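Per-entry structural report
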Amino acid sequence: MARLVVVSNRVPLPRTKGAASAGGLAVALQSFVAPGTLWFGWSGRVMERTATKPRFVEGGGVTYATLDLGAEDYDRFYVGFANSALWPLLHFRLGLMRYTREDFDGYLAVNAAFADALMPMLRPDDMVWVHDYHLIPFAAALRARGFAGRIGFFLHIPFVPASVLEALPPARDLLRALCAYDVVGFQTRTHLADFLDCARRFTGFTVEGEEVLTDGRRVRAIANPIGIDAAGFARMAARSAGTAYIQRMRESLVGRALAISAERLDYSKGLPNRFEGFARLLARFPNQQRRVSLLQIAARSREDVEEYQTLRRELDRLAGDINGRFSQFDWVPLRYMTQTVARTKLAGLFRIARIGLVTPLRDGMNLVAKEFVAAQDPADPGVLILSRFAGAAEELTEALLVNPYDPDEIAEAMQAALEMPLEERQARHAVLRKAVFEVTSARYCNTFVDALAA
Ligand code: GDG
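A brief look at the structure comes next. (Residues numbered from 1 in each chain as written. Predicted model: local features only at pLDDT ≥ 70, side-chain atom pairs only at ≥ 80, totals over all residues. Heavy atoms only, no water.)

**A word on the site of the ligand**
In the vicinity of the ligand lie 26 residues, with His156, Val341, Asp363, Met365 and Glu371 positioned nearest. For the ligand, an oxygen atom lies 2.5 Å from a polar atom in the side chain of Asp363. Measuring from an oxygen atom of the ligand, one finds a backbone N or O atom of Met365 at 2.8 Å. When contributions to the shell around the ligand are tallied by element, the ones reaching two or more residues are helix 1 (24-30), strand 11 (257-264), helix 12 (343-352) and helix 13 (367-375). Here the shell around the ligand takes 3 residues from helix 13, the largest share from any one element. Residue composition of the shell around the ligand, grouped by class: 12 nonpolar, 8 polar and 6 charged. (Near = heavy atom within 4 Å. Polar contact = N/O pair within 3.5 Å; in protein donor to acceptor, adjacent residues only side chain to side chain. Helix = DSSP H or I, 4+ residues; strand = E, 2+ residues; numbered from the N terminus. Nonpolar A, V, L, I, M, F, W, Y, C, P; charged D, E, K, R; others polar.)

**A short note on the sheet that holds strand 5 (residues 127-131)**
As summarised here, the arrangement of the 10 strands in space is 3-4-2-1-5-6-7-10-9-8, forming an open sheet in which the pairing is mixed. This sheet does not close on itself; its edge strands, each paired only once, are strand 3 (55-59) and strand 8 (206-208). When the angles between neighbouring strand axes are averaged without regard to direction, this sheet yields 25°. Pairing between strand 5 and strand 6 (residues 150-154): 5 bridges, direction parallel. Note on strand 6: the bridge partner recorded for Met127 is Arg150. Packed onto the sheet, helix 2 (residues 71-90) meets strand 1 (4-10), strand 2 (38-47) and strand 4 (62-70) and runs at close to 100° relative to strand 4. Against the sheet, helix 16 (residues 441-453) engages strand 1, strand 5, strand 6, strand 7 (183-186) and strand 10 (218-223), with an angle of about 130° to strand 5. (Pairing = 2+ DSSP bridges. Axes fitted to C-alpha atoms, helices over the stretch in contact; angles between N-to-C directions. Contact = heavy atoms within 4.5 Å.)

**Brief notes about the pairing of strand 7**
Burial of the side chains of strand 7 extends over both faces: Val183 and Gly185 are buried on one face and Val184 and Phe186 on the other. Summarising the sheet, strand 7 and strand 10 pair through 4 bridges and their orientation is parallel. Bridging across to strand 10, Phe186 finds its partner in Ala223. (Buried < 20%, exposed > 50% of the residue type's maximum accessible area, 1.4 Å probe, protein only.)

**A short note on the pairing of strand 11**
Every regular strand shows the same layout, with side chains that alternate between the two sheet faces. Among the 8 residues of strand 11, 8 are classified as buried, and the element is accordingly described as predominantly covered. When strand 11 meets strand 12 (residues 292-299), the two strands line up parallel, connected through 8 bridges. Bridging across to strand 12, Arg264 finds its partner in Ala299. Once the chain exits strand 11 it traverses helix 10 (residues 271-284) before rejoining the sheet at strand 12, and the crossover so formed is right-handed. By the bridge criterion, 2 bridges tie strand 11 to strand 14 (residues 355-358) in an arrangement that is parallel. Its bridge partner lying in strand 14, Ala259 is registered against Ile355. (Right-handed = clockwise from strand over helix to strand, strands pointing away.)

**A look at the environment of His131**
Along the chain, His131 turns up in strand 5. The buried category is assigned to His131, whose relative accessible area is 0%. Taking the C-alpha atoms as reference points, His131 and Gly41, 90 residues apart in sequence, are found 9.9 Å from one another. Residues contacting His131, with those up to four places away along its chain left out, are Val6, Val7, Ser8, Leu25, Leu29, Phe153, Phe154, His156 and Tyr444.

**Quick word on the layout of surface pockets**
For the second largest pocket, the calculated volume is near 300 Å³. Together, 17 residues line the second largest pocket, and Arg250, Ile352, Ala353, Arg354 and Asp380 are the ones closest to its centre. Contributions of two or more residues to the lining of the second largest pocket are made by helix 9 (244-253), strand 11 and helix 12. (1 Å grid on protein atoms, 1.4 Å probe; cavity = no way out; pocket = protein on both sides within 12 Å on 5 of 7 lines; lining within 4 Å. Points joined across faces, edges and corners; volume = space filled by probe spheres on them.)

**Some thoughts on the nonpolar core**
In terms of nonpolar packing, the biggest core is built from 107 residues, with Phe40, Phe138 and Phe195 touching the most fellow members. Here the element with the most residues in this core is helix 2; it accounts for 11 residues. Setting aside anything within four residues of it in sequence, one finds Phe40 in contact with Val6, Val7, Ser8, Val11, Pro54, Ala65, Leu67, Phe114, Ala117, Leu118, Met121 and Phe138. The next biggest cluster of nonpolar side chains, apart from the first, holds 62 residues, and it includes Leu25, Ala237, Ala374 and Ala393. (Core = buried A, V, L, I, M, F, W, Y, C linked by side-chain atoms within 4.5 Å.)

**Re helix 6 (residues 171-178)**
Here helix 6 has its buried residues at Ala171, Leu174, Leu175, Ala177 and Leu178. Angular distribution of buried residues about the axis of helix 6 spans 160°; they occupy a single face of the element. (Arc of directions from axis to C-beta.)

**Some details on the pattern of salt bridges**
It is possible for side chains of opposite charge to pair when their charged atoms get near one another. For the coordinates displayed, the defined rule picks out 32 salt bridges. With a shortest N-O distance of 2.6 Å, Arg145 and Asp116 are connected by a salt bridge. Pair noted here: Arg145 is in the loop between helix 4 (138-144) and strand 6 and Asp116 is in helix 3 (residues 101-118), with a separation of 29 residues, a long-range link. Judged by relative accessible area, which is 30%, Arg145 ranks as partly exposed. The class for Asp116 is partly exposed, based on a relative accessible area of 44%. Where Lys370 meets Glu395, a salt bridge forms, and the shortest distance between an N and an O atom there is 3.1 Å. With a gap of 25 residues between them, Lys370 in helix 13 and Glu395 in the loop between strand 15 (383-387) and strand 16 (400-402) connect regions that are remote in the sequence. Under the relative-accessibility criterion, Glu395 is labelled partly exposed at 21%. (Salt bridge = Lys/Arg side-chain N within 4 Å of Asp/Glu carboxyl O.)

In structure tokens form, the structure reads like this:
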């Protein structure tokens, strides 16, 4: 069997496994990679200059090979093009997009440097699976260095309609770069359709069904929603609910309902709108005051990108506002923390929550929504409130779906969730649970690798 080579910007090194990491990709892939796999990417470290030779770590039969980034490459590739241009663009936030040619050149240069470092380790029959927006030009870089084997790409974040994509100056280059892969995967049918439309308009290649015909090659585009290890997460949540930590949480609630949100502190996740929605719940439905607390876990992320610092200050202010306005001497409505919480604890918190509040303005998929569903006790489940603009909304149709731009809609959904009778909660949860147990991380990985091998 061909060896699998995984390439991703961040590599979950074995010593950090199980630690509080707040990224979706690592979580989905970690349990899948089999012994013999090579996993290659950035070490997460910034040095004076970008390394030319990787450092190796072994763990569970998997070889992890990582490169340090130089300070200038980090600024241009990671902070610059990837997270200040592509990330906002692909989350429909043109107003936040900061593009410079220097950043784009840095992005191409790091992809080239990564290809240079990986190339000597590759065998001709390896299958290379590249992840996410940091590495779109990676296949083109490997092809330029002579690699002729199978290369696939999966985009974890949304793909945008042509009218949004065209605002990015090198849109055409990136689309053509995507066509250097054999398989290109997206989270949803919508993202897939937008990609095919963009390829038709901007590349000069022919699109036939769900394939792009380039000069001499065929690129297959697929929709392959990512999932979680649902059974594993459910077990973890049930076990965690019996621990002293969760017991302390219950005691602190003194019988009040818990609403929970957890994600990276990121403007795509819609935290200010959610805070405002919660404030409107308390203002419009005052009988819910003292009856519910919202726990917001917002793990700090990308702190070198200015927008993230601005968002953090805004949230500090909003959280202070809400608690100043509504707190009573023995009740604090909003519990806001920016540290990460260990995964097992998070699972237990999800399990005892009455509401899972997942309201991104845009999201490729959103695994928190799926984890919340898996964590619930089917006999007395909590209610998932989910943004229509999360990829997960295509599958989780029995959630209370909201437009996150309307804080009143969030408030009304919270009110409905708090008042929802047990039978309706059970009925909705049963349908959601089925979806989450069907589209698992294992299915996601197998589907992609099968498409790549075909
Ligand atoms: C990208 C796409 C797509 C969060 N806070 C803590 C913590 N987490 C964990 C969650 C979940 C993961 O991190 C986050 O995954 P998401 O999918 O929700 O979001 P992104 O990080 O933005 O991931 C996304 C994903 O890729 C996969 O394709 O779904 O749309 O944006 O597992 O539970 N984990 C711990 N402590 C925290 O405080 N331990």
